[in-house]
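# Chain and residue survey
Below are the chains, spelled out letter by letter.
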Amino acid sequence: MSFKAVILAAGKGTRFKSDLPKVLHKILGKPMLWYVVKAAKKAGAEEIIVVVGHKKEQVEEFLKLEFPEVKTVYQEQQLGTGHAVMCAEELLKDYNKKIVVLNGDTPLVEPEEIKRLAEVDGDMVVLTGEINDPTGYGRVIRDGREILKIVEEKDATEEEKKIKEVNTGIYSFDPKKLFEALKEIDNNNAQGEYYLPDVLKVFKCKGWKVVPVVVKNFSTVMGVNNRYELSKAEKVLQERIVKALQLSGVTIHNPKSAYIEPEVEIGTDTEIFAPIYIKGKTKIGKGCYLGAFSEIVDSTIGDKTKVESHSWIKGTVLEPETSVGPFAKLRPGTYLESSAKLGTFVETKNAYLERGAKANHLTYLGDCRIGENTNIGAGTITCNYDGFNKWKTEIGKNVFVGSNTLFIAPVKVGNNSITAAGSVITSDVPENTLAVGRAKQLNYEGKAERIREKARRKKK
Ligand code: UD1
Ligand code: CA
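As a starting point, this report considers the structure included with it. Keep in mind that what you see is a predicted model, and the values were worked out from it rather than measured.

### Quick word on the overall build of the protein
A tally of helices and strands in the protein yields ten helices and 37 strands. Over its C-alpha atoms the protein spans a radius of gyration of 31 Å, topping by over 25% the 23 Å that the globule rule assigns to 460 residues. Its C-alpha atoms put the protein at 110 × 55 × 45 Å along the principal axes. Sorting the 460 residues of the protein into buried and exposed places 49% on the buried side. Of the contacts formed within the protein by residues at least 6 apart in sequence, a portion of 41% connects residues at least 24 apart. Looking at the protein as shown, the accessible area adds up to about 22700 Å², and 50% of this sits on carbon and sulfur atoms. The protein carries 70 positive and 62 negative side-chain charges, and their two centres are separated by 8 Å.

So this is what it looks like as structure tokens:
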């Protein structure tokens, strides 16, 4: 059944106590609204209309960036969910299939449920659910299989509050009947708002067909009205993502502490040790090892790569069979060709390491290119910043960089050269050259004893 979706996202979200509109609060790195739009798209909505209001510029900016095809309508004053839907009338009044209405703060909704609602035959189909603690939800008052009405928490009697079947805020409607019914609801209630669920009474009065559908799994329709519920929803989603990865062939140890965002891709036989954070558009290959306490953001990691524990990796590409960490910090623009290696306490930024290049310990590599099989000794620093500008260091193939070398960029080192440990390299080094850039050592034989003697005399 074809349908269009209307997503209500104009509310302020008072209970969040935030400057950010409620639907932009994030779960696993994505705004709640992102999940609702995604689900509507996956369910096959012909068109998606989002009702915006409070701080609409921010919500529209997000939509334009992530879902340019989505339309928005403006609800200037937030007079209630019924009023919000009315704002979409212009766009929908000539549509003759179905409208599915979704709340922007129900981020875990599954595409299958949306599809099911669109397919059920009825003029108004209400998705309901049973929950142990129904506080905050509208209660569903039934007479057997029929719904009589939906009562908001604030309007409910003590008896009604005990009812555990609630309105999920997700419905499908016949468009003509919906807009006709909306004209008949009022705001004579505890909140002085035009409630969308109140159209139910109108539908019943007119003898139009109202059908309740009970959701299969309540956690998929939980409303998120404050930051406590936000964390609960995040937990549910986290479990969903981790489980899907496990079933697709990824081993995850200590899975409760694995934070993996929804756009992350991970190949089979990769083994992950949580706690770990994998974020953004990260893509991880097959047979990798990811050590605990690492954070990987917007990076591509090739097959059979090893990321040892406590590594921080962002905007980086690691080709297959590379190795990083423990305790490595890879900043944006880092690129490792296959079999390159960055070890303990190494920081990189805009650093390109060719095949087999290595920096095993205690090194800063910024704005540089390191040639094939070059070995960077411990304590090496590319001094890329002179306080005003950033400069590049280019080191050729098969170079041996002695420990504690400083490269004062811009500087180049030719293939097969060697820098002596402790050198400060200020000018280019040709190929096949030994560069020694340190003070010459002087040995004064016997002087150590004379110094001690002098010190002893002074003490007396
Ligand atoms: C709503 C339902 C309630 C249901 C619950 C499910 C109503 C009156 N109540 O309650 O029966 O159990 O959802 O989660 O519909 N919004 C607007 N414009 C407005 C008001 C709200 O766009 O004028 C948007 C909000 O941004 C939000 C959604 O509509 O995304 C729901 O509003 P909210 O205030 O959270 O309703 P609930 O009290 O949760
Ligand atoms: Ca809500």
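### A closer look at the coordination of the calcium ion (ligand 2)
The coordination sphere of the calcium ion (ligand 2) contains the protein donors D105 (OD) and N225 (OD1), at a distance range of 2.2 to 2.4 Å. One end of the pair, D105, is in the loop between β6 (98-103) and α5 (111-119); the other, N225, is in the loop between β11 (210-214) and α9 (227-247), with 120 residues separating them in the sequence.

### Some thoughts on the layout of surface pockets
Approximately 1200 Å³ is the volume found for the largest pocket. In this structure, the largest pocket is lined by 42 residues; those nearest its centre are R15, K22, T81, D105 and N225. Only β1 (3-9), α3 (81-86) and β10 (165-173) provide two or more residues apiece to the lining of the largest pocket. The leading source of residues in the lining of the largest pocket is β10, at four residues. When grouped by side-chain class, the residues that make up the lining of the largest pocket number 13 nonpolar, 20 polar and nine charged. Computed from the structure, the second largest pocket encloses a volume of approximately 470 Å³. Lining the second largest pocket are 20 residues, with Y35, K42, L237, R240 and P262 positioned closest to its centre. Sorting the residues of the lining of the second largest pocket by element identifies α1 (32-43) and α9 as the ones contributing at least two each. Class assignment of the residues belonging to the lining of the second largest pocket gives a composition of 14 nonpolar, one polar and five charged.

### Observations regarding a nonpolar patch on the surface
A grouping of F400, I418, L434 and V436 is seen on the molecular surface, where their side chains present a nonpolar patch of about 380 Å² in accessible area. With respect to the secondary-structure elements, L434 resides in strand β37 (residues 434-435). On the accessibility criterion, L434 (55% relative accessible area) is exposed.

### Here we look at the nonpolar core
Counting 95 residues, the largest nonpolar core has L33, L102, I260 and I278 as its most contacted members. The element best represented in this core is α1, accounting for nine residues. When sequence neighbours within four positions are dropped, the list of residues in contact with L102 reads A5, V6, I7, L8, V36, A40, V109, I114, G169 and I170. If you look at the next biggest cluster of nonpolar residues, it comprises 32 residues, including V85, Y95, I185 and W208.

Reading guide: rules and limits
Residues numbered from 1 in each chain as written. Chains lettered and ligands numbered in written order. Predicted model: local features only at pLDDT ≥ 70, side-chain atom pairs only at ≥ 80, totals over all residues. Heavy atoms only, no water. Helix = DSSP H or I, 4+ residues; strand = E, 2+ residues; numbered from the N terminus. Rg over C-alpha atoms; globule rule 2.2 N^0.38 Å. Buried < 20%, exposed > 50% of the residue type's maximum accessible area, 1.4 Å probe, protein only. Contact = heavy atoms within 4.5 Å. Areas by Shrake-Rupley, 256 points an atom, 1.4 Å probe, with all protein chains shown as cover. Lys, Arg positive; Asp, Glu negative; His and termini not counted. Charge placed at Lys NZ, Arg CZ, Asp CG, Glu CD. Donors = N, O, S within 2.8 Å, 3.2 Å for Na, K, Ca; no water. 1 Å grid on protein atoms, 1.4 Å probe; cavity = no way out; pocket = protein on both sides within 12 Å on 5 of 7 lines; lining within 4 Å. Points joined across faces, edges and corners; volume = space filled by probe spheres on them. Nonpolar A, V, L, I, M, F, W, Y, C, P; charged D, E, K, R; others polar. Patch = residues over 30% accessible without salt bridge, like charges linked within 9 Å, V, L, I, M, F, W, Y side chains within 5 Å. Salt bridge = Lys/Arg side-chain N within 4 Å of Asp/Glu carboxyl O. Core = buried A, V, L, I, M, F, W, Y, C linked by side-chain atoms within 4.5 Å.

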